[in-house]
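Structural description and commentary
Next come the chains, spelled out residue by residue.
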Amino acid sequence: MGKWICQALLKNFQTSFMISTENLIRNNLYEFYDLIARVGGLTAEKHHHWSVSENIPGFWPRVIYRIDSGILSQPAAVLFSEKVKSGQYPELLIAGDENIRQIDPFLREQGFYPFSAWRGMALGSLKDHIPTGLPETIDIVKAESSTDIDQWLKIVSAELIAPSLMNKTLPESLIAQPGVDAYLLKYKGTGVSTILVFESADTTGLYLIATDKSAQRQGFASLLVQHILSDNARKLKKPVILHATRQGETLYSKLGFLTFNQFFLYRNLKPNP
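Presented here is an overview of the structure given in this document.

**Details of the overall build of the protein chain**
Secondary structure summary: the protein chain contains seven helices and eleven strands in total. Out of the 273 residues belonging to the protein chain, those deemed buried represent 48%. Counting contacts in the protein chain only where the partners sit at least 6 residues apart, residues at least 24 apart contribute 71% of the total.

This is how it looks when you write it as structure tokens:
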């Protein structure tokens with residue numbers, strides 16, 4: 001009986017830990033999009049069951065996010081449908097996996113179809129091989145000077161935002177906020193890899209991880225993430241989360257990240273009136 005009780009308690013703890021971590025990952029992502037809307041001066045809508053951030057023409061997409069199953073209830077479903085049909089709502093939508101089975105049929109009725117997915121990951125434990133120093137040819141700096149921001153922006157735009165070009169105003173506004181830092185890894189004096197660190201009250205979120213095409217597959221992004229993890233272990237001691245593609249999931253797993261949930265990206269394939 002005692003063994004059975006211990007196993008039940010362990011299972012309950014593991015389930016509670018899983019749900020708690022999934023929520024941390026979701027909340028950091030949603031707060032990041034809230035921050036983008038706020039500092040970018042975007043028109044944003046927050047309904048009871050979803051949020052919408054309007055676009056910065058040319059370099060930041062409009063997006064629907066923070067969706068819960070209440071979107072299926074009346075009159076929420078009617079309101080959402082009307083907004084989509086009128087063209088007021090954007091073509092890009094992010095849905096978490098906690099309610100995807102319930103809302104997927106509804107989203108498809110509105111013309112939204114899945115085209116990609118992110119893995120929500122959180123750091124399980126720091127690996128022993130995290131370096132304590134950097135090679136002489138590599139330097140990691142906060143992108144604060146105009147030159148460093150330009151290099152950071154060039155990489156992010158080419159690898160993550162293309163074919164659009166992110167306007168310099170957005171990253172400058174972001175890094176001016178408390179808890180937001182942009183880092184640039186330089187190889188022989190030239191910026192080759194980027195990351196944006198967003199500190200919420202409960203978590204450290206890693207975003208906009210990219211490497212210049214000419215420097216890919218050389219371990220620069222991995223080294224940059226490890227540097228941030230080392231700093232977090234020494235100073236911040238918050239859970240570290242990120243959102244990875246299927247390919248990136250393998251890389252981050254090697255650094256000690258565990259996969260907890262998924263975010264599905266939908267695109268509206270029905271033309272607006």
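**Considerations on the pairing of strand 5 (residues 112–123)**
Two strands pair when backbone bridges link them, and strand 5 and strand 11 (residues 257–268) are joined in this way by eleven bridges, in the antiparallel orientation. Paired with Trp-118 across the two strands is Phe-263, which belongs to strand 11.

**A look at the side chain of Asn-268**
Within the secondary structure, Asn-268 sits in strand 11. The contacts of Asn-268, once residues within four sequence positions are left out, are Val-84, Pro-90, Glu-91, Gln-110, Gly-111 and Phe-112.

**A word on the nonpolar core**
As a rule of thumb, soluble globular proteins bury nonpolar side chains together. Counting 39 residues, the largest nonpolar core has Leu-29, Ile-94, Trp-152, Leu-174, Leu-196 and Tyr-207 as its most contacted members. Of all the elements, helix 1 (residues 2–39) adds the most residues to this core, at nine residues. Look past the residues within four positions of Trp-152 in its chain and what remains in contact with it is Ala-143, Pro-171, Ala-182, Tyr-183, Leu-184, Thr-194, Ile-195, Leu-196 and Leu-208. By size, the runner-up hydrophobic cluster in this structure holds 24 residues, among which are Ile-195, Ile-209, Leu-242 and Ala-244.

**Some words on the pairing of strand 9 (residues 204–211)**
Burial analysis of strand 9 places eight of its eight residues in the buried class, which makes it a mostly covered element. When strand 8 (residues 190–199) meets strand 9, the two strands line up antiparallel, connected through six bridges. Bridged to Glu-199 within strand 9 is Thr-204. Adjacent in sequence and paired antiparallel, strand 8 and strand 9 are bridged by four residues. Pairing between strand 9 and strand 10 (residues 240–244): three bridges, direction parallel. Residue Thr-204 lies in a different strand from strand 10, and its bridge partner there is Val-240.

**Overview of the environment of Met-166**
Examined against the element boundaries, Met-166 turns out to sit in the loop between helix 4 (146–161) and helix 5 (169–175). A relative accessible area of 3% means that Met-166 is categorised as buried. For the pair formed by Met-166 and Val-156, sequence separation is ten residues and the distance between their alpha carbons is 8.0 Å.

**Some thoughts on unusual backbone geometry**
Residues Gln-74 and Pro-75 are joined by a peptide bond in cis, for which omega reads 5 degrees. In this fold, Pro-75 is placed in the loop between strand 3 (63–65) and helix 2 (76–85). Non-glycine residue Arg-217 carries a positive phi angle of around 65 degrees. Among the secondary structure elements, Arg-217 is positioned in the loop between strand 9 and helix 6 (220–236).

**Remarks on the pattern of salt bridges**
Considering all chains together, one arrives at 13 salt bridges under this definition. A salt bridge links Lys-142 to Asp-181; its shortest N-O distance comes to 3.6 Å. With a gap of 39 residues between them, Lys-142 in strand 6 (residues 138–142) and Asp-181 in strand 7 (residues 180–187) connect regions that are remote in the sequence. You can call Asp-181 partly exposed: its relative accessible area is 24%. Linked through salt bridges whose partners overlap, the residues forming this network are Glu-22, Arg-26, Asp-97 and Glu-98.

Calculation criteria
Residues numbered from 1 in each chain as written. Predicted model: local features only at pLDDT ≥ 70, side-chain atom pairs only at ≥ 80, totals over all residues. Heavy atoms only, no water. Helix = DSSP H or I, 4+ residues; strand = E, 2+ residues; numbered from the N terminus. Buried < 20%, exposed > 50% of the residue type's maximum accessible area, 1.4 Å probe, protein only. Contact = heavy atoms within 4.5 Å. Pairing = 2+ DSSP bridges. Core = buried A, V, L, I, M, F, W, Y, C linked by side-chain atoms within 4.5 Å. Salt bridge = Lys/Arg side-chain N within 4 Å of Asp/Glu carboxyl O.

So yeah, pure geometry; function would need other evidence.
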